[in-house]
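# Observations on the model geometry
What follows is the residue order along each chain.
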Amino acid sequence: MDEKAFLDEWPLTEIQKAAVLRRDYNGMIAEGGNIYFLAKLGATDSMSFVQIVATMTGMTVPDYTTMMARGGRSIQGQLSKRQNAFVDGESE
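Fair warning: this is a prediction, and the values are worked out from it, not measured in the lab.

Scoring rules and cut-offs
- Residues numbered from 1 in each chain as written.
- Predicted model: local features only at pLDDT ≥ 70, side-chain atom pairs only at ≥ 80, totals over all residues.
- Heavy atoms only, no water.
- 1 Å grid on protein atoms, 1.4 Å probe; cavity = no way out; pocket = protein on both sides within 12 Å on 5 of 7 lines; lining within 4 Å.
- Points joined across faces, edges and corners; volume = space filled by probe spheres on them.
- Helix = DSSP H or I, 4+ residues; strand = E, 2+ residues; numbered from the N terminus.
- Nonpolar A, V, L, I, M, F, W, Y, C, P; charged D, E, K, R; others polar.
- pLDDT = per-residue confidence, 0-100.

### Re the layout of surface pockets
Considering only enclosed or pocket space, the largest pocket measures out at about 580 Å³ in volume. L7, L12, V20, F37 and L41 are the residues nearest the centre of the largest pocket, which is lined by 18 residues in total. Elements supplying a minimum of two residues to the lining of the largest pocket: α1 (3-8), α2 (14-22) and α4 (35-44). No other element matches the five residues that α4 contributes to the lining of the largest pocket. Considering only residue class, the lining of the largest pocket consists of nine nonpolar, five polar and four charged.

As structure tokens, then:
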């Protein structure tokens, strides 16, 4: 009933508590949250894992599921500079 009071019972920082209260899943991850606990939190809000992850990517659920059905995000721009050079066919 009182989420803030419940969170105050646990050794969380105020930033962590604020992320939970806002349901800022990316913020929770950035503050050390575990994706499995985030999934449990989402379930208490009647959200599927796909709904949670879609919000984390800034996509709608249909756009997210379509992207994943097509093989996920492109690796371009998602790797380190060294890895991108390898993917682009450049030698070191």
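After that view, the rundown keeps rolling.
### Comments concerning the confidence of the model for the chain
A low pLDDT means the predicted coordinates there should not be read in detail. For the chain, the mean per-residue pLDDT works out to 87, and 80% of the residues sit at or above 70. When pLDDT is averaged over each helix and strand of the chain, the minimum, 62, is found for helix α7 (residues 81-87) and the maximum, 97, for α2.

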